[in-house]
Amino acid sequence: MQALTNRAQAVNRKPMTIMEKLYLPSIAKGMGITFSHIFKKQPTIQYPEEKRPFSPVFRGLHVLNRDEEGRERCTACGLCAVACPAEAITMEAAERLPGEENLYREEKYAARYEINMLRCIFCGLCEEACPKDAIYLSETFAPANFARKGFIYGKDDLLIPDPTKDPAGFAAAKGEGQ
Ligand code: SF4
Ligand code: SF4
């Protein structure tokens, strides 16, 4: 039958020699390659017991920041939501009432603040857009979840611990003392 192209290759069908039939040289060669790797440093990381150090520019889970008096910094200006290319951020603003000065730093605050982690691409533009140092991306992963709803993070999930009540948690969330 005529070949469709001129790329056909002739197959070498010469009979195997005795050494080739024994397979011993090939087995010895394979074992040599295996043993040569035994004493080399293993590149495998035994996650989760062992963790790879993050890059200095790693961007992980978001944290809503507080000031040193424990007041929420976010003033619900919406700049982070506007900057977000994935439209992952939604919020509702509320006015600070008399007596709430110890809770919210500004006269307006985010009564509801949500980030959809399934939309987020962890670009960090929300952090860059924020004029109040109210949001930053930490060195933590968003943990796995079986339900889509579990990936919508509200204020309860995002707010940093209050430094006046939990200074160790606040420092840890800031990445201090690591
Ligand atoms: S990291 Fe990027 S994609 Fe994620 S919420 Fe912030 S701006 Fe949006
Ligand atoms: S996190 Fe920053 S940019 Fe976003 S609404 Fe709050 S103050 Fe504005």
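Given the structure is predicted, the values throughout are model-derived calculations rather than measurements.

**Student:** Would you mind going over the UniProt feature "binding site: [4Fe-4S] cluster 1" (unreviewed entry) in the protein chain with me for this structure?
**Tutor:** The UniProt entry lists C74, C77, C80 and C130 under the feature "binding site: [4Fe-4S] cluster 1" (unreviewed entry), expressed in the numbering used here. Annotated residues spanning 57 residues; largest pairwise C-alpha distance 10.4 Å, indicating a single compact cluster. Along the chain, C77 falls in the loop between β1 (62-64) and α3 (79-83). When you line up the elements, C80 lands in helix α3. Residue C80 is classed as buried on the basis of its 25 C-beta neighbours within 10 Å. With residues up to four places along the chain from it excluded, the contact list for C80 reads I89, C126, A129, C130 and I135.

**Student:** How should I be thinking about the environment of F122 in this particular structure?
**Tutor:** With respect to the helices and strands, F122 occurs in the loop between β3 (108-116) and α4 (125-129). By C-beta crowding, F122 is classed as partly exposed, having 17 other C-beta atoms within 10 Å. The spacing of F122 and G60 is 62 residues in sequence and 6.7 Å in space, taken between C-alpha atoms.

**Student:** Is there a simple way to think about the UniProt feature "binding site: [4Fe-4S] cluster 2" (unreviewed entry) in the protein chain in this case?
**Tutor:** Per the UniProt entry, the sites bearing "binding site: [4Fe-4S] cluster 2" (unreviewed entry) are C84, C120, C123 and C126 in this numbering. On the basis of their most widely separated C-alpha atoms, the annotated residues across 43 residues gather in one place, lying no more than 10.4 Å apart. Note that C120 resides in the loop between β3 and α4. If near-sequence neighbours (up to four positions away) are discounted, C120 is found in contact with A86, A88 and I115. Residue placement: C126 occurs in helix α4. If sequence neighbours within four positions are ignored, C126 has contacts with C80, A83, C84, I89 and I135.

Thresholds applied
- Residues numbered from 1 in each chain as written.
- Chains lettered and ligands numbered in written order.
- Predicted model: local features only at pLDDT ≥ 70, side-chain atom pairs only at ≥ 80, totals over all residues.
- UniProt positions renumbered as here; feature names shortened; annotations may be inferred.
- Helix = DSSP H or I, 4+ residues; strand = E, 2+ residues; numbered from the N terminus.
- Buried ≥ 20, exposed ≤ 12 C-beta atoms within 10 Å, placed from the backbone.
- Contact = placed C-beta atoms within 7 Å.

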